[in-house]
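# Residue-level structure breakdown
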Amino acid sequence: MTSYMSSAEAAAALGVSRQTLYAYVSRGLLRAEPGPTHRDRQYLASDVERLAAERARARKPKEVAKATLNWGLPVLESSITLIENERLFYRGHDAIGLAATADLETLAALLWQCLTATAFSTELPPWPAPMPTLIEHYRGYRAEESLLPLITVATDDAATAYSLEPAGHLLEGGGALVRALAACLLGAAPSTQPIHTQCATAWGVDEEGEDLIRMALVLCADHELNASGFTARCVASTGASLRASVIGGLAALTGGKHGAATAHVEAMWDEIEEDPEARIRSVVAAWQSREHLVPGFGHHLYPGGDPRATALLARILPSHPDWAALMATVFDASGQRPTIDAALVALRRHLRLPLGAAFGLFALGRSVGWIAHALEQRANDNLIRPRAAYTGPRPALDGSSSSASSPISAKASFSTPSGEDIERFGPFSGLFPDKR
């Protein structure tokens, strides 16, 4: 059962006055919900506890530093995406409003700060010869497994190299990357059709379904410095190509705590649907005990609910009252609302898309954001290289370490390679055993 605190209890837990508590609500740090009477307000206990922990860390500089990369303080400047007061903005434009009409190509032009025609030309690069064979090999695989190897073979660095000039050619290469990723997802050669139309045609959905896909792609396009976006920036900061940034971002997205959380949502949904009445609470409790969060529910940046999920589900749930009841029961059991991951799974099931399409749509939409971050990082021209707070054993004062603490056995030895070895195997020959 969801646990709530009254205004007095929440203020006491935070060690603040009622006026300060209300100020937290107005600043979007807490969400107030209707209480037992029309004059009362109540607060999710989990939200109050989270805010209390954040305030406690803020009093200790070392704790602030440790928490910075874990939903903590901003670590670099960006003009791409703003998340504020539980709303999402792309370059100052409300993302939910854009998703009502924009397609992915139009949004890419906004995020990349160019004309749509500049990035998405009518010409397509040739499809590499091995691709038809590889696509057949991976047909039937989930997108979480197939997209990374396919896009790696389907593209090369030349079209988006760091030194590429003029800028228009680089942006055209970015558009080709997005189209290539769509082709890898759909198992077809690249096309100049709008990305959402390509998806609808390949998956055989109607106009309403095509529009839902368009909306989902726009809503997935970027989300500030999430793990994959930050990875894309780190890759770009080294001087690597836009392609390398997309591959790095996609690799990060395949993790179960990021884009591949959709697979966990699918698994949990399957468990619940076996026997909704009897199993939903036990299934939610089991997932909570394993993952701490229910897959696809609860987002640190949106205590009141992920607006991307709200927008998508508003068009899907009217056709599935049983799903709406399921999500309401999950909230009652956990206090957590659906995220974009749950909404993408609902979309996949609603349109009867292939298993793995939820992740595929996430990746396809997000590729536009990865390229935007890579372009912005290139303009900054700084290498992203944070320092680590070392927690291992300290070295001896004279710089040596005792044999007891050394992980290298006293029996281990390294021989200097002879001239003959170097001539035969190169300067590293002495580091590896001879396996002849």
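Everything quoted here is computed from the prediction, not taken from an experiment.

## Some words on the packing of aromatic side chains
Overall, the coordinates contain three aromatic pairs when judged by the stated rule. Ring centres 5.1 Å apart and planes at 70 degrees place the aromatic pair Tyr138 and Tyr141 in the edge-to-face group. Geometrically, the ring pair formed by Trp269 and Trp323 is edge-to-face, given 5.1 Å between the ring centres and 80 degrees between the ring planes. With Trp269 in helix 15 (residues 261-274) and Trp323 in helix 18 (residues 321-334), this residue pair connects regions lying 54 residues apart in the sequence. Trp323 matches Trp269 in its accessibility class, with the two residues each being buried.

## What to know about the sheet that holds strand 5 (residues 87-90)
What links the strands of a sheet is backbone hydrogen bonding, and the strands pair in either a parallel or an antiparallel sense. Pairing in this open sheet of three strands is antiparallel, and the strands run 4-5-6 from one edge to the other. Edge positions in the open sheet fall to strand 4 (81-84) and strand 6 (93-94), since each of these has one partner strand only. Where strand 5 meets strand 6, two bridges bridge the pair, whose relative direction is antiparallel. The residue bridging Phe89 from the neighbouring strand is Asp94, located in strand 6.

## Notes on helix 14 (residues 242-253)
Across its 12 residues, helix 14 extends 16 Å between first and last C-alpha, which sits within 8% of the 16 Å expected from 1.5 Å per residue. Buried residues dominate helix 14, accounting for nine of its 12 residues. Those residues of helix 14 that sit buried are Leu242, Arg243, Ser245, Val246, Ile247, Gly248, Gly249, Leu250 and Leu253.

## Regarding the environment of Pro194
Mapped onto the fold, Pro194 is located in the loop between helix 10 (167-186) and helix 11 (195-203). Sequence spacing of Pro194 and Glu105 is 89 residues, and the spatial spacing of their C-alpha atoms is 7.2 Å.

## With respect to the environment of Phe297
For Phe297, the position within the fold is in the loop between helix 16 (276-291) and helix 17 (307-316). With a relative accessible area of 3%, Phe297 lands in the buried category. Between the alpha carbons of Phe297 and Ser334 there is a distance of 8.7 Å; along the sequence they are 37 residues apart. When sequence neighbours within four positions are dropped, the list of residues in contact with Phe297 reads Met268, Met327, Val330, Gln336, Arg337, Pro338, Thr339 and Ala342.

## So, unusual backbone geometry
Phi at Arg91 is positive, roughly 45 degrees, even though this residue is not glycine. Position of Arg91 relative to the elements: it lies in the loop between strand 5 and strand 6. Look at Glu224: it is not a glycine, yet its phi comes out positive at around 65 degrees. Here Glu224 lies in the loop between helix 12 (207-219) and helix 13 (227-237).

## Overview of the nonpolar core
Within the largest apolar cluster, 97 residues are counted, with the highest numbers of intra-cluster contacts made by Trp112 and Trp203. In contact with Trp112, not counting residues within four places along its chain, are Ala119, Phe120, Leu171, Gly174, Gly175, Val178, Val368, Ile371, Ala372 and Leu375. Membership of the second largest hydrophobic core comes to 12 residues, among which are Val16, Tyr43, Val48 and Leu51.

## Re the pairing of strand 3 (residues 41-44)
With three bridges joining them, strand 1 (residues 4-6) and strand 3 adopt antiparallel strand pairing. Paired with Ser6 across the two strands is Gln42, which belongs to strand 3. With two bridges connecting them, strand 2 (residues 33-34) and strand 3 associate as antiparallel partners. Within the sheet, the bridge partner assigned to Pro34 lies in strand 3 and is Arg41.

## Overview of the confidence of the model for the chain
Mean pLDDT over the chain works out to 85, with 82% of the residues at or above the 70 mark. Note on residues 410-414: pLDDT is under 50 here. Beyond four places in sequence and across chains, it has zero contacts. Note that pLDDT drops below 50 for residues 421-436; the model gives that stretch 12 contacts with residues more than four away or on any other chain.

Rules used throughout
Residues numbered from 1 in each chain as written. Predicted model: local features only at pLDDT ≥ 70, side-chain atom pairs only at ≥ 80, totals over all residues. Heavy atoms only, no water. Phe/Tyr/Trp six-rings, centres within 6.5 Å; stacked < 30°, edge-to-face > 60°. Helix = DSSP H or I, 4+ residues; strand = E, 2+ residues; numbered from the N terminus. Buried < 20%, exposed > 50% of the residue type's maximum accessible area, 1.4 Å probe, protein only. Pairing = 2+ DSSP bridges. Expected span 1.5 Å × (residues − 1). Contact = heavy atoms within 4.5 Å. Core = buried A, V, L, I, M, F, W, Y, C linked by side-chain atoms within 4.5 Å. pLDDT = per-residue confidence, 0-100.

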